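In case you want the letters, here they are:
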Amino acid sequence: MSLACQVDLALEQLDGELTGMSAGTIVIQIRNDEIGKFGIRHLPLDCGTREKDTVGMTSEQVRLLRRMAIEALRHKKGWTHGEMAYDFVLRQGQLFVSVQFESNYNMANVLFRRAPKARNRRDVSSE
């Protein structure tokens, strides 16, 4: 399944939680070009008391957020391990989204591939 389809599926799972929110960060962790974990970090702004006229995202704005998240994947190039963080905020009824891509790799895997093949007992005894 493509990463775009996976992001769409993950955000679809978060629809109910995103509806009514006015700000937060969606975090998606990737390993081997597949989503492992995903969720929402709520900003402190949403933890306090709300004013009566403060309204969160509508279902249409959540769908727009999903489209923007998938569109942002065009900027993802050449990495398969890392994290995507989508910061979103609703200001005066308009949705603003920014994305941060973080790549990370395990040095042990890199060193393992470069290490010469270990010799076993049979190789040593034949010398």
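To keep things clear, this report deals only with the structure shown in the data block. (Residues numbered from 1 in each chain as written. Predicted model: local features only at pLDDT ≥ 70, side-chain atom pairs only at ≥ 80, totals over all residues. Heavy atoms only, no water.)

Since one α-helical turn is 3.6 residues long, residues separated by three or four positions face the same way. Of all the positions in helix 1 (residues 3–13), only Leu3, Gln6, Val7, Ala10 and Leu11 are classed as buried. For helix 1, the arc enclosing every buried residue in end-on projection is 130 degrees, short of the 170-degree limit, so these residues lie on one face. Contacts from the buried residues of helix 1 go to helix 2 (15–18), strand 1 (23–31), strand 2 (34–42), helix 3 (59–72) and strand 3 (82–91). (Buried < 20%, exposed > 50% of the residue type's maximum accessible area, 1.4 Å probe, protein only. Helix = DSSP H or I, 4+ residues; strand = E, 2+ residues; numbered from the N terminus. Arc of directions from axis to C-beta. Contact = heavy atoms within 4.5 Å.)

Turning our eyes to something else, we now look at the pairing of strand 4 (residues 94–103). Look at any regular strand and the pattern is simple: side chains alternate between the two faces of the sheet. The pairing of strand 3 with strand 4 spans ten bridges and is classified as antiparallel. Each bridged residue has a counterpart across the sheet, and for Arg91 the counterpart in strand 4 is Gln94. (Pairing = 2+ DSSP bridges.)

Moving on, we come to the packing of aromatic side chains. Going through the model one piece at a time under the given rule, you end up with zero aromatic pairs. Note that Arg91 overlies the ring of Phe96, its terminal NZ or CZ placed 5.6 Å from the centroid. (Phe/Tyr/Trp six-rings, centres within 6.5 Å; stacked < 30°, edge-to-face > 60°. Lys NZ or Arg CZ within 6 Å of the ring centre and 35° of its normal.)

Turning to the sheet that holds strand 4, a few remarks are in order. The strand order across the open sheet built from four strands is 2-1-3-4, with neighbouring strands paired in antiparallel fashion. The sheet is open, and its two edges are formed by strand 2 and strand 4, each paired on a single side. This sheet shows a mean twist of 15 degrees between the axes of neighbouring strands, independent of strand direction. As judged from the eight bridges shared by strand 1 and strand 3, these two strands associate in the antiparallel manner. Looking across to strand 3, one finds that Ile30 is bridged to Gly82. Across the face of the sheet, helix 1 comes into contact with strand 1, strand 2 and strand 3 while running at roughly 40 degrees to strand 2. Each of strand 1, strand 3 and strand 4 touches helix 3; the most contacted strand, strand 4, lies at about 35 degrees to it. (Axes fitted to C-alpha atoms, helices over the stretch in contact; angles between N-to-C directions.)

Further remarks concern the nonpolar core. Within the largest apolar cluster, 24 residues are counted, with the highest numbers of intra-cluster contacts made by Val7, Leu18, Ile26 and Tyr86. Setting aside residues no more than four positions away along its own chain, Val7 makes contact with Ile28, Ile35, Ala69, Ile70, Leu73, Met84 and Tyr86. (Core = buried A, V, L, I, M, F, W, Y, C linked by side-chain atoms within 4.5 Å.)

Moving on, we come to the packing of helix 1 against helix 3. Viewed as axis vectors pointing N to C, helix 1 and helix 3 meet at an angle of 155 degrees, and their least axial separation amounts to 9 Å. In terms of orientation, helix 1 lies roughly antiparallel with respect to helix 3. Crossing of helix 1 over helix 3 shows right-handed handedness. Taken together, the residues of helix 3 that come into contact with helix 1 (itself represented by Ala4, Val7, Asp8, Leu11 and Glu12) are Arg66, Ala69 and Ile70. Class assignment of the residues belonging to the contact of helix 1 with helix 3 gives a composition of five nonpolar, no polar and three charged. (Parallel < 35°, antiparallel > 145°, perpendicular 65-115°, else oblique. Left-handed = near helix turned anticlockwise from the far one by under 90°. Nonpolar A, V, L, I, M, F, W, Y, C, P; charged D, E, K, R; others polar.)

What follows is about the environment of His42. With respect to the helices and strands, the residue His42 is situated in strand 2. Residue classification places His42 among the partly exposed positions, given a relative accessible area of 41%. Along the chain, His42 and Gly24 lie 18 residues apart, while their C-alpha atoms are 4.6 Å from each other. Apart from the residues within four sequence positions on either side, His42 is in contact with Glu17 and Met21. Side-chain polar atoms of His42 contact the side chain of Glu17, separated by 3.2 Å. (Polar contact = N/O pair within 3.5 Å; in protein donor to acceptor, adjacent residues only side chain to side chain.)

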